[in-house]
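Fold and contact review
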Amino acid sequence: MRRSKFTETQSSGRSKRSKPDDKSALYVASWAFRNRRTWAYERGVQLRLIQAGKPNQNSYVESFNGRLRDECLNENCLIHLLHARAMIEAWRREYNEERPKQALGGLTPSAYARQLASATIQPGL
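The numbers attached to residues start from 1 for each chain and follow its sequence in the written order. Only residues with pLDDT of at least 70 get local features here, since the model is predicted, and only at 80 or more are side-chain atom pairs given and counted; chain-wide, interface and lining totals rely on the full set of residues. Side-chain metrics in this entry use all non-hydrogen atoms of the structure; hydrogen atoms and water are not considered.

Here's the deal with the overall build of the protein chain
Our working definition: To qualify as a helix, a DSSP run of H or I must reach at least 4 residues; to qualify as a strand, a run of E must reach at least 2; elements of each kind are numbered from the N terminus. Contacts: residue pairs with any heavy atoms within 4.5 Å of one another.
Along the protein chain, the regular secondary structure elements total five helices and zero strands. When the helices and strands of the protein chain are listed from N to C terminus, the series reads α-α-α-α-α. In the protein chain, the share of contacts with a sequence separation of at least 24, taken over all contacts with a separation of at least 6, comes to 13%.

So this is what it looks like as C-alpha cells:
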C-alpha cells in the first residue's frame, strides 16, 4: 500500500510547504490598499486612516470590537460558519434593538421609536 505525501510529511515532522515571506505579504497588502484607494477615488470617497499602533484614534470601533469579543465570541462555542452567523446576528439584534441607550435617555430604540410615534406634533414649531 502506498503512503500519501501527507502521511510522509506528517511522519517526517517537516512540512514541504514554505511559509510566505514578508515581501509577498506586503505585496498583497499594498495591492489591496491600492484597489481600495482606486475604488474610493472613483466614487469621491475620502479615506481617513488611523496611524499604526494608535487604536485610540478609532475608539468607537475598538470599543465595539471589545464588546463583541467579550459578550459574544468568548461566550459561545461557534461550531461552524452558519452557527457563528446565527449567534452573531442574535447578539447584534440584542445589542442594537433591546439594550437601553444612554443617548436615548435610557430607553431601548424600540421604546424610543414608540415614544416618538405617540408624541403629538404641534404645528408652528
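A few points about the side chain of Arg 99
Worth spelling out the cut-off: Any residue under 20% of the maximum accessible area for its type is buried, any over 50% is exposed, and the rest in between are partly exposed; the area is computed with a 1.4 Å probe on protein chains only. Here a polar contact is recorded for every N or O atom pair within 3.5 Å, except that within protein the pair must consist of a potential hydrogen donor and a potential acceptor, and residues adjacent in sequence are included only if both atoms are side-chain atoms.
Looking at where Arg 99 falls in the secondary structure, it is placed in the loop between α4 (81-98) and α5 (109-118). Using a relative accessible area of 19% as the deciding quantity, one classes Arg 99 as buried. Within the structure, the side chain of Arg 99 is placed 2.2 Å from the side chain of Glu 71, a separation counted as a polar contact. Apart from residues lying up to four places away in sequence, Arg 99 is in contact with Arg 67, Glu 71, Trp 91, Glu 94, Leu 107, Thr 108 and Pro 109.

Brief notes about the packing of helix α3 (residues 59-73) against α4
Inclusion rule: Under this scheme, a helix contributes an axis fitted over its contacting stretch, all axes are lines through C-alpha atoms, and angles between N-to-C directions fall in the 0 to 180 degree range. Angles below 35 degrees are treated as roughly parallel, those above 145 as roughly antiparallel, those between 65 and 115 as roughly perpendicular, and all remaining angles as oblique. Take the far helix as your reference; a near helix turned counterclockwise from it by less than a right angle gives a left-handed crossing, and one turned clockwise gives a right-handed crossing. Only Asp, Glu, Lys and Arg are considered charged, only Ala, Val, Leu, Ile, Met, Phe, Trp, Tyr, Cys and Pro nonpolar, and every remaining residue, Gly among them, polar.
Orientation of α3 relative to α4, taken along the N-to-C sense of each, is 120 degrees, at an axis distance of 11 Å. Comparing their axes, α4 and α3 come out oblique. The two elements α3 and α4 cross, and the hand of that crossing is right-handed. Across from Phe 64, Arg 67, Leu 68, Glu 71, Cys 72 and Leu 73 in α3, the residues of α4 making contact are Met 87, Ile 88, Trp 91 and Tyr 95. Here the residues of the contact of α3 with α4 are counted per class, giving eight nonpolar, no polar and two charged.

Some remarks on the confidence of the model for the protein chain
Selection rule: By definition, pLDDT measures how confident the predictor is in each residue, and it falls between 0 and 100.
Taken over all residues, the pLDDT of the protein chain has a mean of 77, while the share at 70 or more is 72%. Taken element by element, the protein chain is modelled with least confidence in helix α1 (residues 5-12), mean pLDDT 47, and with most confidence in α4, mean pLDDT 91. Of the regions scoring below 50 in pLDDT, residues 1-11 engages in six contacts with residues more than four places distant in sequence or in other chains.

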